[in-house]
Amino acid sequence: MNGKRGFYIGRFQPYHNGHQSVLEHIANKVDEIIIGIGSAQLSHSVENPFTAGERVMMITRALESLGCRYYVIPIEDVQRNALWVAHVRSMAPPFDTCYSSNPLVVRLFSEARVNVQSPAMSERDTLSGTEIRRRMLAGESWEELVPPAVVQVLNEIDGVGRLRQIARTD
Ligand code: ATP
Ligand code: MG
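Calculation rules
- Throughout, a residue's number is its position along its own chain's written sequence, starting from 1.
- For this description, chains carry letters from A and ligands carry numbers from 1, given in the order in which they are written.
- Predicted model: local features are reported for residues with pLDDT of at least 70 only, side-chain atom pairs are reported and counted for 80 or more only, and whole-chain, interface and lining totals are derived from all residues.
- Here the side-chain values reflect all heavy atoms present in the structure, with hydrogen atoms and water set aside.
- Cavities and pockets are defined on a 1 Å grid built over the protein atoms alone: a cavity is a set of grid points where a 1.4 Å probe fits but cannot escape, while a pocket is an open set with protein on both sides within 12 Å along at least five of seven lines, and lining residues are those with an atom within 4 Å of any such point.
- Grid points are joined across faces, edges and corners, and a volume is the space filled by probe spheres set on the points.
- We call Asp, Glu, Lys and Arg charged. Ala, Val, Leu, Ile, Met, Phe, Trp, Tyr, Cys and Pro are nonpolar, and the rest, Gly among them, are polar.
- Between buried and exposed lies partly exposed: a residue is buried under 20% and exposed over 50% of the maximum accessible area for its type, with that area taken using a 1.4 Å probe on protein chains only.
- Secondary structure counts use DSSP, requiring at least four H or I residues in a row for a helix and at least two E residues in a row for a strand, with both numbered from the N terminus.
- Note on contacts: a residue pair qualifies if any of its non-hydrogen atoms lie within 4.5 Å across the two residues.
- It is the directions from the helix axis to the C-beta atoms that the arc portrays.
- We define proximity as follows: a residue is near a molecule or strand when any one of its heavy atoms falls within 4 Å of that partner.
- Within 3.5 Å is the distance limit for a polar contact, defined as a pair of N or O atoms, with the added protein rule that one can donate a hydrogen and the other accept it, and that residues adjacent in sequence qualify only through two side-chain atoms.
- Only the protein chains shown count as cover for residues, with accessible areas throughout obtained via the Shrake-Rupley method and a probe of 1.4 Å.
- A cavity or pocket is said to hold a molecule if more than half of that molecule's atoms lie within 2 Å of its grid points.

Moving on, we come to the layout of surface pockets. Each pocket or cavity is described by its volume, and for the largest pocket that value is around 840 Å³. For the largest pocket, the lining is made up of 34 residues, of which Ile9, Gly10, Arg11, Asn102 and Val105 are closest to its centre. In the lining of the largest pocket, the residues fall into 14 nonpolar, 15 polar and 5 charged.

See below:
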């Protein structure tokens, strides 16, 4: 083991099978994975319904059988993109490579001279947080788009009930 660590960041609102397949791929490339939970301070909104702690539960339980050590680190927003990579580094264990397909994330890490790999998207039409939140609000089925452990966490916290309630107007 040479101690190679990879970094992967998302908002995970919620954590879904697209994220899971990327992490299974990264697990074959590195010795340890750092999973950053972005916009960690946000919760209880239609775009960002779940707290950082709830997202930690989803990820930790879904990855129980990954077979690669991982660290889950909540990372709050800083309102200055030019400082964001330094902010991430100040919170995360040291890493060699960032795995991301998000254009802004790729750009910021590249400018900071961090090695960036962009994993392929899987079934992006359905495996998307936006689509899953839409389905939850519409009363359509979403359970098959997330790992079983995430269904369990969302049931425990009444995730769909929360999303529907905060989406209403008074
Ligand atoms: P939202 O629609 O809320 O933005 P999202 O599905 O894009 O949700 P994020 O948490 O924003 O999820 O994404 C985290 C990372 O996962 C990003 O780098 C994103 O490109 C990647 N990702 C999202 N969906 C997929 C997918 N289906 N396959 C592979 N990577 C994905
Ligand atoms: Mg996204």
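Those residues of helix α5 (residues 129-138) that fall on the buried side of the exposure criterion are Gly129, Glu131, Ile132, Arg133, Arg135 and Met136. Where α5 is buried, its residues meet α6 (148-156) and α7 (159-167). Phi for glycine 139, located one or two positions after α5, is positive at around 75 degrees.

The subject of this paragraph is helix α2 (residues 52-62). Listed as buried for α2 are Ala52, Glu54, Arg55, Met58, Ile59 and Ala62. Taken down its axis, α2 places every buried residue within 165 degrees of arc, on the same side. Close packing links the buried residues of α2 with α1 (17-27), β2 (32-37), β3 (69-74), α6 and α7.

We now examine the site of ligand 1. For ligand 1, the set of nearby residues contains 21 residues, the closest of which are Tyr8, Ser122, Arg124, Thr130 and Arg133. Between ligand 1 and tyrosine 8, the relevant distance is 2.7 Å, taken from an oxygen atom to a side-chain nitrogen or oxygen of the residue. At 2.9 Å, a backbone N or O of leucine 127 approaches a nitrogen atom of ligand 1. Surface burial for ligand 1 is 90%, taken as the share of its 590 Å² of free accessible area covered by protein chains. Its atoms largely coinciding with the cavity grid, ligand 1 occupies the largest pocket. When residues of the shell around ligand 1 are traced back to their parent elements, those giving at least two are β1 (5-10), α1 and α5. For the shell around ligand 1, the class distribution of residues is 7 nonpolar, 11 polar and 3 charged.

This paragraph deals with unusual backbone geometry. Between glutamine 13 and the following residue, proline 14, the backbone shows a cis peptide bond with an omega angle of 0 degrees. If you trace the backbone, proline 14 turns up in the loop between β1 and α1. Even without glycine at this site, glutamate 123 takes up a positive phi of about 40 degrees. With respect to the secondary-structure elements, glutamate 123 resides in the loop between β5 (115-117) and α5.

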